[in-house]
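One letter stands for each residue in the lines below.
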Amino acid sequence: MHDNKFPKAELYSFDGDSYIEIFNSSPAAKTLSELDSGIIIDVNESWENFTGYKRSEVLGKTGIELNIIDPSHAEELREMLRESVLIKSHKIEIYRKSGEKAYGLATFQLLEKENNKLVLTSIFDISDLVKSTKKLKVLTNFSNRLLESVYEAVFILDKERKCIRVNRAFKELTGYDEKDVIGKKAPFLHWPPEEYDAIVEYFTKFLAGDCRRDQLTFKKVDGERFQVRISTTEILDENNELLGYASTAVDISEQVKYQKSLIAKSKKATEKKNSILKLINLKDEGIDIFLKEVTAISSKVLKVDRVSVWKFIDNQTKIECLNAYHAEEEKFLNHVELKTENYPNYFDKLYEQNIVKVNDITTNSAINKDYKENYLNKLNIMSMLDAFIMGTDKPFGIICFEQIGKKRKWNSEEEQFVTTIAGVISLALEHNHRRKVQQELEHANKQLTSSLEELNKLKQNLERQNTYLREEIDLVFNYEDMVYGSAIFSNVLTDVEKVASTNATVLLYGETGTGKELIARAIHNNSNRRDKPLIKVNCAAIPSELIESELFGHKKGSFTGAFSDKDGKFKLADGGTLFLDEIGELPLEMQPKLLRAIQEFEIEPIGDSKVHKVDIRIITATNRNLKKEVKHKRFREDLYYRINVFPIHIPPLRDRREDIPILIEHFVNKFCKKYGKDIKLISQETREALYNYHWPGNIRELENLIERAVILSNNNSLFVPGFITSKNESPIDLTTLSLDEVQRLHIKQTLKKCNWKIDGPNGAAVALDIKPSTLRDRMKKLGVTRS
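The text that follows walks through the structure, step by step, so that each part is easy to find.

Cut-offs and rules
The residue count restarts for each chain, going from 1 along the sequence in the order it is written. In view of the model being predicted, local features appear only for residues whose pLDDT reaches at least 70, and side-chain atom pairs are presented and counted only at 80 or more, with totals across whole chains, interfaces and linings using the full set of residues. To obtain the side-chain values, all non-hydrogen atoms of the structure were used and water was disregarded. A pair of strands is labelled paired if DSSP reports no fewer than 2 bridges between them. Helix and strand definitions here come from DSSP, where helices need a minimum of 4 consecutive H or I residues and strands a minimum of 2 consecutive E residues; each element is numbered from the N-terminal end. Interaxial angle, 0 to 180 degrees, is taken between N-to-C directions of lines fitted to C-alpha atoms, where a helix line uses only the stretch in contact. Residue contacts follow a heavy-atom distance rule, with two residues in contact if any of their heavy atoms lie within 4.5 Å. Every angle not falling under 35 degrees, over 145, or within 65 to 115 is termed oblique; those three ranges are roughly parallel, roughly antiparallel and roughly perpendicular. Note on residue classes: Ala, Val, Leu, Ile, Met, Phe, Trp, Tyr, Cys and Pro are nonpolar, Asp, Glu, Lys and Arg are charged, and everything else, Gly too, is polar.

What follows concerns the sheet that holds strand β25 (residues 617–622). One key point about sheets: their strands pair by backbone hydrogen bonds, in either a parallel or an antiparallel sense. One open sheet accounts for five strands, arranged β19-β22-β25-β18-β26; its pairing is parallel. Sheet topology places β19 (534–538) and β26 (646–649) at the edges, where each strand pairs with a single neighbour. On average, adjacent strands in this sheet sit at an angle of 20° to one another, irrespective of strand direction. The pairing of strand β18 (residues 506–509) with β25 spans four bridges and is parallel. What sits directly across from Leu507, in β25, is Thr620. Helix α17 (residues 516–525) contacts β18, β19, β22 (577–581), β25 and β26 of the sheet and is inclined by roughly 155° relative to β18.

What follows deals with the side chain of Asp659. Note that Asp659 resides in the loop between β26 and α23 (660–675). Leaving out residues up to four positions away in the same chain, Asp659 has contacts with Tyr484, Gly485, Ser486 and Phe489.

Once that is clear, we can look at the sheet that holds strand β9 (residues 225–236). Taken in spatial order, the five strands of this open sheet run β7-β6-β10-β9-β8, and their pairing is antiparallel. Each end of this open sheet is capped by a strand with a single partner; those strands are β7 (163–166) and β8 (213–219). Geometrically, the sheet is characterised by an average inter-axis angle of 30° between neighbouring strands, direction not taken into account. In this sheet, β7 lies alongside strand β6 (residues 153–158) in antiparallel orientation, the contact comprising three bridges. For Phe155, the partnering residue across the bridge sits in β7 and is Val166. Across the face of the sheet, helix α9 (residues 196–207) comes into contact with β8, β9 and β10 (242–251) while running at roughly 25° to β9. Most of the contacts of helix α10 (residues 253–281) go to β9, to which it runs at about 125°, and overall it touches β8, β9 and β10.

Let us now look at the packing of α10 against helix α11 (residues 287–302). Contact geometry for α10 and α11: axes closest at 10 Å, N-to-C directions at 180°. Between α10 and α11, the angle is such that the two are roughly antiparallel. Two secondary-structure elements touch here, α10 through Lys268, Glu271, Lys272, Ser275, Lys278 and Leu279 and α11 through Phe290, Glu293, Val294, Ile297, Lys300, Val301 and Leu302. Residue classes in the contact of α10 with α11 are distributed as six nonpolar, one polar and six charged.

Have a look at this one:
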């Protein structure tokens, strides 16, 4: 690679071609330069790539002249060269031709020839390594600052579970310094000895993958124990290899104390509530027994030494102790009397505030000298909390909570409890009074009560019947309510007219949503029973354990929950019609009882020994194939033949497509009135799509779809979600199709079924019973095309 562009290169070459070959082929960036002047004599191709300079641009020049070397570093570099007797490595900075700073690991080798001193420099590019090191240093500094800034205490272990780092928050939380924990293994100083097992159990669960967060107890350097919430996670490298573990801890001591306080308050509140409920449940006991329970239970709940109940006597001039419970001795005392006139301050405050709270009897103005000497001092009462008790129609007395031998500061919760206990006593007094009055009235009016009970029974029966009838009887049926135009549905109504005037049992069968209940109402309203109720029973909606009671009724007490007599649907339908919808869902074990009731027109309510005759007409409905159900032993054959006297098949909507336009118009008008809309138009494509849709949900699906479309439509055009539309619109009231429209829709539907095949045994012409040529002419005339 040597040329003669710079003659000195030949002068300073060593070992001929061998040196030149090594020099040029080295992967290191190599230069040959004079020691004293720094003039570059030769460079190799790697040096050109490293610096961006061509060889011809640098020969005979110095690195400073070329701005490769920062002049401020020139003397430092010469010192390196003078000291480099043997090969020695140095990190250097250079500037590439582009101006970019680069870093290299340089070795300098001193060469001498004919008293000329040369330096052979070999440089390996370490720019990427330097940049990565700087980035790593920045990230490390950021990580350290971040670690120190978080408020959680952080404790980091290596994969041998030796502590390698803690943050400032940890030191502040525990009081332990880095020297106390760094390099240590468990058990650590902040682990209390008595908590070792719990802490080890937590980390064992963590290592097993069962627990990452828990509540533990730690120890401060002064020995104080405190609660922490600890979370632990693994530290992984970029290859998902384990490097160590990091735990964070937050002091929750105050939170735990607050929670314990809440639990204690909740426990106390529950205790108070349960005591009040217990006392309320004792209100039927005699008043003496009740007051004993009041004083004993109240004393235990409030942990007060003495509780007493006093009653006003002699027109409230005196007060008598009916019962006093002394907690220490667990004794009941009574029959002490005091004159109210001797304690005016006390009773004035009681009448005014309904409660007297005395934390210290020696300083309270409500306690006069006589009260202290005659009562309080004798019993060594130091604090008291008394509440007024109201009787049925006049003041009854007082309940007193008294602390003996020491002062007590009563709080608001205790005041509320005492007031509540006084209210419970008032309730018990009123209850006892009312019970006495009630017993007297019952004794005096026994015959009248018996008559009233019978009248109430009849009234309840009528109310149940009326309630059911109000729920079941909606609009009166007439044929104008039927929206149809098809011959197939007209045949159904012909069958309805034929069977309506008879008492024959009718079975309505067909898919869900076809209008079987409407047909049942048509039969009833056109029969001789139209003035009696039509009672509907959905056999699928009643739990199997209740269906017998629902159909035949029950007597009071015949089973758990039978709190009163109840008439069944057979009894409610007496004289009218019973419509058993979804009869295919009737449990198999119930079918023999239904068969007997239908055959004999007799029912036996649960718990009743009498058989009751009923005069009813039975209509049943199902969407199941009962013949198959009989074959598979899921429906009794005898019951099937009993209800299949006059079967009527209700056709699905897809078999009466000519009714679809009429139904659309009907439902649009119905829901426009309901939602205050004025929708007049429908696109031709939407109408055809609705006509050709298979309607698995039948009329119910169409009705729901039109309701949703009316809600979604924002103008006078009907927008049907999920169906194509266009701007080719026509009035909705014209959806009663013309003959040409009906023919076009029918031909198009038939062609689709035949995969648009016209000729042949499976063609549309055969299905339509016309010649292929005639079919083609009609398709052309009506504009039927494959889209």
